[in-house]
Amino acid sequence: GSVVVPGDDIRSLVDLEKEQKQVILGPGLRREGERVLVIKPGLLRRKDPGVFWIDSHAKRYVAQRGDNVLGVVLGKAGDMFRVDIGTSEPACLSYLAFEGATKKNRPNVNPGDVVYSKLLVASRDMEAELVCVDSYGKKAGMGVLDGGGLMFNVPLHTVRKLLNPDSVLLTTLGKNIPFEIAVGMNGRVWVRARSVKETICLANAIECSEYMTNQQIQAMCSKLADVLAGF
Amino acid sequence: MSARYDGRMNNQLRPQKASQGILFKADGSARFSFDKTSALCAIHGPLEPRYPTVNSNLIVRVITSSGSLTSPSTMSLAATLRRIFSNVIHLPFQPRSEIQVAVTLESDLGEFALLASSVNAIMLALMDAGVACTKTVAAVCIGINREGKVVLDPGAEEAKGLKSIHTFAFDNHDKSHMVFSSGEFTLNDMKISTVTGGAACRMVLGFMRNVVTQKAERDQKCLL
């Protein structure tokens, strides 16, 4: 793709294919009357048929509906928990949005807990709402993450790279160090391994993989395995 | 045309240098310099606003190299920068939030060239942070010397001997965003310097586009 800056009009690139009936504009693009304006700088990408978006690197998260995010519980407010997910205002998480929660049976969530949840409502005009339950009413891996572990911040593009099916980082690390991981689309990652040393090692590996290719990642993982084994 | 104090011709800018993503804690950062006139910018946002607002808030702070934050010149520079960038940042896109811009002027001399460097540094930092903007602006300093000739990007000492000095900011749709002037000049002087300013800003925009492209290409190499 080509690199574009804010204010560029990419209409000429977008209606190139005359037979396309529908053009979908993803993140970073905005339609203004007849023009298609770029509002974030980065690489212009397309996916057939007719999906265009800007691949831009950022550190600060803006809430998107459907994202799985890691949050920290700030406190209780009536029937809701206030959860910090790294956006400009805290999100809210209802008491009843947990598996098996009823008015009599409240979930065991305290301020300071790390929660893995899904964004149900996220628009720029409204407060974001989280849920810890899927549409079948099951937990699906969400909820309070406890038993130790470390949560740390990474840039958003690193998270997307981690979750990419072509990425070898998690599988290579897992060969030597068994671990549990929760990846939040808000740039937060939670890992837990058997010991503190291994947990820190995993966190460092994920942070350093930001600018590495798959080959460099594999070299780094084998070096880490050697160090942990004591060589 | 005779050469100027550093061998440049009237229509030559000083060498520009820029880098993005240099500050670790900031959401976006950039440094831009016209030779030694350099400005460093850090962006934090969108953040929780300190006072509840319906629209998004833009806060600009300017710090001089000696650490002065609240002197009249830094406050007026901050107000000018805020005016420009309120029209550039897509504020309706992120309501009820705040964007904090902190500019550090890394040299003392050349107030007009510093204004230009600050605008460019803020723009590059906004692009580094991924803040939604509707345009890309670039700024350049233009002077008119005692012979009435337009002189591009005067140095600090050179600026003292000019009849008038102006800083222009244009965007990538060739619209003017700012004119900041000082000295004696006629309407004709203003017309000529506006045309030259627009052309010079286009050159600086091209340079900024290169900076963004190089960073994107380096980032792309390690994508999967």
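Just above sits the structure.
Let us look at the structure shown here. (Residues numbered from 1 in each chain as written. Chains lettered and ligands numbered in written order. Predicted model: local features only at pLDDT ≥ 70, side-chain atom pairs only at ≥ 80, totals over all residues. Heavy atoms only, no water.)

**Comments concerning the interface of chain A and chain B**
Note the cut-off: Residue contacts are defined here by distance: any two heavy atoms, one from each residue, within 4.5 Å place the two residues in contact. Put simply, buried area is the surface a 1.4 Å probe can reach on two separate parts but cannot reach once they are joined, added for both. For this document, the term salt bridge refers to a Lys or Arg side-chain nitrogen within 4 Å of an Asp or Glu carboxyl oxygen. N or O atoms within 3.5 Å of each other form a polar contact, as long as, within protein, one can give a hydrogen and the other can take it, and as long as residues adjacent in sequence are counted only when both atoms are side-chain atoms. Strands here are runs of E lasting at least two residues and helices are runs of H or I lasting at least four, both read from the DSSP assignment and numbered beginning at the N terminus. The residue classification treats Ala, Val, Leu, Ile, Met, Phe, Trp, Tyr, Cys and Pro as nonpolar and Asp, Glu, Lys and Arg as charged. All others, Gly included, are polar.
Contacts between chain A and chain B engage 35 residues on the former and 37 residues on the latter. By the criterion of area lost to chain B, the three top residues of chain A are Arg 60, Ser 88 and Arg 124 of chain A, representing 20% of everything that side buries. The interface formed by chain A and chain B includes three salt bridges. With its nearest N and O atoms 2.8 Å apart, the salt bridge here joins Arg 96 of chain B to Glu 89 of chain A. Taken together, the links from chain A to chain B amount to 14 residue pairs in polar contact (both at pLDDT 80 or more). Mapped by element, the contributors of at least two residues to the side of chain A that touches chain B are β4 (35-38) and β5 (42-47) of chain A. A breakdown of the residues in the side of chain A that touches chain B according to their chemical character gives 13 nonpolar, seven polar and 15 charged.

**Description of the environment of Ile 142 of chain B**
Residue and element names in this part refer to chain B. Relative to the helices and strands, Ile 142 resides in strand β6 (residues 137-144). In this structure, the C-alpha to C-alpha distance between Ile 142 and Thr 194, residues 52 residues apart in sequence, is 9.0 Å. Setting aside residues no more than four positions away along its own chain, Ile 142 makes contact with Val 150, Val 151, Leu 152, Pro 154, Ser 164, Ile 165, His 166, Phe 168, Ser 193, Thr 196 and Gly 197.

**A short note on the packing of helix α3 (residues 169-176) of chain A against helix α5 (residues 214-229) of chain A**
For any two helices packed against each other, the geometry is given by the interaxial angle and the distance between the axes. Residue and element names in this part refer to chain A. For clarity, the threshold we go by: Axis definition: a line fit to C-alpha positions, over the contact stretch in the case of helices; interaxial angles, taken between N-to-C directions, run 0 to 180 degrees. Here the word oblique covers every angle except those under 35 degrees (roughly parallel), over 145 (roughly antiparallel) and from 65 to 115 (roughly perpendicular). Rotating anticlockwise by less than a right angle from the far helix to the near helix defines a left-handed crossing, while the corresponding clockwise rotation defines a right-handed one.
Look at α3 against α5: their axes get within 10 Å of each other, and the N-to-C directions meet at 20 degrees. If you check the angle between α3 and α5, you find them roughly parallel. The chirality of how α3 crosses α5 is right-handed. Residues Leu 169, Thr 172, Leu 173 and Asn 176 of α3 form the contact with α5, whose own contacting residues are Ile 217, Gln 218, Met 220, Cys 221, Leu 224 and Ala 225.

Such coordinate-based values are descriptive only and should not be taken to indicate function.
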